Amino acid sequence: MSAAHPTLEAVAAHAGVSRATVSRVVNGTPGVRPELREKVKRSVAELGYVPNSAARSLVTRRTGAVAVVIAEPETRVFADPFFARQLRGISRELSANDLQLLLMLVEEEADYQRVGRYLAGGHVDGTLMFSLHANDPLRGIAAASGLPTVFGGRPWWPGWEKDDSLVYVDTDNRDGARRAVRHLAESGRRRIAVITGPLDQTSAVDRLAGYRDALGLEEPDPALHAHGDFTVDGGARAMAELLDRSPAPDAVFAGNDLMATGALRTLRARGLSVPEDVAVVGYDDLDPAAWADPPLTTVRQDIVHMGEIMARLLVRSLNDAQTPVSSVVIPSELVVRGSA
């Protein structure tokens, strides 16, 4: 016969404190002297006491779970290492705060309704949302839920700059792209093309703006601009389009590493040498960048750290709703390797 699970009363007797004191410590309620709190924690550990989550939820009005909503289909999320890195950072921070991660993906219209119902149903304490597209309903869904929310990526909707309640985490995409293209120009490249990601996302828009800044352009030259979709195949197709135009570019800035990898594939298939014939720069510094042939020059953004900060800001909001938290923009860094 298995031993009975230790009760709250057993912990109180072991620690030599009242049941109410144990309850306050277990539920994270303030008002317990530090020495008593430590005594209770030791007894909890020694006895192997596990709080009843349903009972604790009634007291704290907390579920102990956070929804992570990614506005992308599963085919994209599970194929792009960017999302794995961001989720790693989020999971690490939530776990450190004894919170569970609930992953929700959006692929079709019915998914928005499902996400909206779930967030409004009291199943989670807060929400992390990223990879939103223009006119994405998730912004309104987050507001309607009333839950604390942190967004991944710079917002775009009208009036966002004046919304003091809005919290987001992003990298300085514009400056990163500016650094990448300036590097190409300073190395003597004269026909610098750009492969953009989906322009209904602010990361792609900001990286295109950085490209324009570096070259002093109001708009990119249509002959040197091709649209990708943040995938390897999209980068390969875009590079083929650029090479079929005349004259062909002698350098290309791709809006992420996956598209840069696709560009390298096309250049190799056309018998062109990198960087001798065409220099290539990506963005993200994902693991495959260093494995590419030649190794990819790219803009590094600390994606794991971005995920950690997103979760950390949300935890602060959950633990202290009265103190506002501020958005965070992380600097980017150019990493020069063999491709440029």
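Residues numbered from 1 in each chain as written. Predicted model: local features only at pLDDT ≥ 70, side-chain atom pairs only at ≥ 80, totals over all residues. Heavy atoms only, no water.

The chain is annotated in an unreviewed UniProt entry as LacI family transcriptional regulator of Streptomyces sedi.

Q: Would you mind showing me how to read the overall build of the chain here?
A: A count of helices and strands for the chain gives 14 helices and 12 strands. Here the C-alpha coordinates of the chain stretch approximately 80 × 40 × 35 Å along the principal axes. Residues classed as buried in the chain amount to 50% of the 340 residues present. Working note: accessible area of the chain is about 16,500 Å², and carbon and sulfur atoms make up 51% of it. (Helix = DSSP H or I, 4+ residues; strand = E, 2+ residues; numbered from the N terminus. Buried < 20%, exposed > 50% of the residue type's maximum accessible area, 1.4 Å probe, protein only. Areas by Shrake-Rupley, 256 points an atom, 1.4 Å probe, with all protein chains shown as cover.)

Q: Would you explain the environment of D233 in this entry?
A: Here D233 is to be found in helix 11 (residues 232–244). We classify D233 as partly exposed; its relative accessible area is 44%. When the C-alpha positions of D233 and L215 are compared, they lie 27 Å apart, and in sequence the two are 18 residues distant. Separated by 3.0 Å, the side chains of D233 and R265 make a polar contact. (Polar contact = N/O pair within 3.5 Å; in protein donor to acceptor, adjacent residues only side chain to side chain.)

Q: Teacher, can you tell me more about the pattern of salt bridges here?
A: As a working rule, side chains carrying opposite charge can pair if their charged atoms are close by. Across all of its chains, the model carries 20 salt bridges by this definition. R270 serves as the salt-bridge partner of D244, at 3.2 Å between the closest nitrogen and oxygen. Here R270 lies in the loop between helix 12 (257–269) and strand 9 (279–284) and D244 lies in helix 11, a separation of 26 residues in the sequence. One connected set of salt bridges, linked through shared partners, spans R174, D175, R178, R179 and D213. (Salt bridge = Lys/Arg side-chain N within 4 Å of Asp/Glu carboxyl O.)

Q: Just to check I follow, could you spell out the sheet that holds strand 2 (residues 100–105) for this structure?
A: If you trace the 6 strands from one edge of the open sheet to the other, you get 2-1-3-4-5-11, paired in parallel fashion. With one partner strand each, in any of the chains shown, strand 2 and strand 11 (328–330) form the two edges of the open sheet. Across the sheet, the axes of successive neighbouring strands diverge by a mean angle of 20 degrees, strand direction being ignored. Sheet analysis places strand 1 (residues 65–70) next to strand 3 (residues 126–130), joined by 5 bridges and oriented parallel. Each residue of the ladder has a partner; that of V68, found in strand 3, is L128. Contacts from helix 14 (residues 303–319) reach strand 1, strand 3, strand 4 (149–152), strand 5 (168–171) and strand 11 within the one sheet, and its direction differs from that of strand 3 by about 150 degrees. (Pairing = 2+ DSSP bridges. Axes fitted to C-alpha atoms, helices over the stretch in contact; angles between N-to-C directions. Contact = heavy atoms within 4.5 Å.)

Q: Explain the sheet that holds strand 9 here, please?
A: By way of backbone hydrogen bonds, the strands of a sheet pair with one another, either parallel or antiparallel. Taken together, 6 strands build an open sheet; the order of strands is 7-6-8-9-10-12 and the sheet is mixed. The open sheet is flanked by strand 7 (225–227) and strand 12 (333–335), the only strands paired with a single partner. Strand-to-strand twist of the sheet, defined as the mean angle between neighbouring strand axes without regard to direction, takes the value 20 degrees. Against the sheet, helix 12 engages strand 6 (192–196), strand 8 (251–254), strand 9 and strand 10 (297–300), with an angle of about 155 degrees to strand 9.

Q: What should I look at first to understand the nonpolar core in this one?
A: The nonpolar side chains of a soluble globular protein tend to be buried, and buried together. Formed by 39 residues in total, the largest nonpolar core has its most connected members in L184, I195, M239, V252, F253 and V280. Those elements that place two or more of their residues in this core are helix 9 (173–186), strand 6, helix 10 (202–215), helix 11, strand 8, helix 12 and strand 9. Per-element tally for this core: the top contributor is helix 12, with 5 residues. When near neighbours in sequence (up to four residues on either side) are disregarded, L184 contacts R189, I192, A251, V252, F253, A279, V281 and A340. (Core = buried A, V, L, I, M, F, W, Y, C linked by side-chain atoms within 4.5 Å.)

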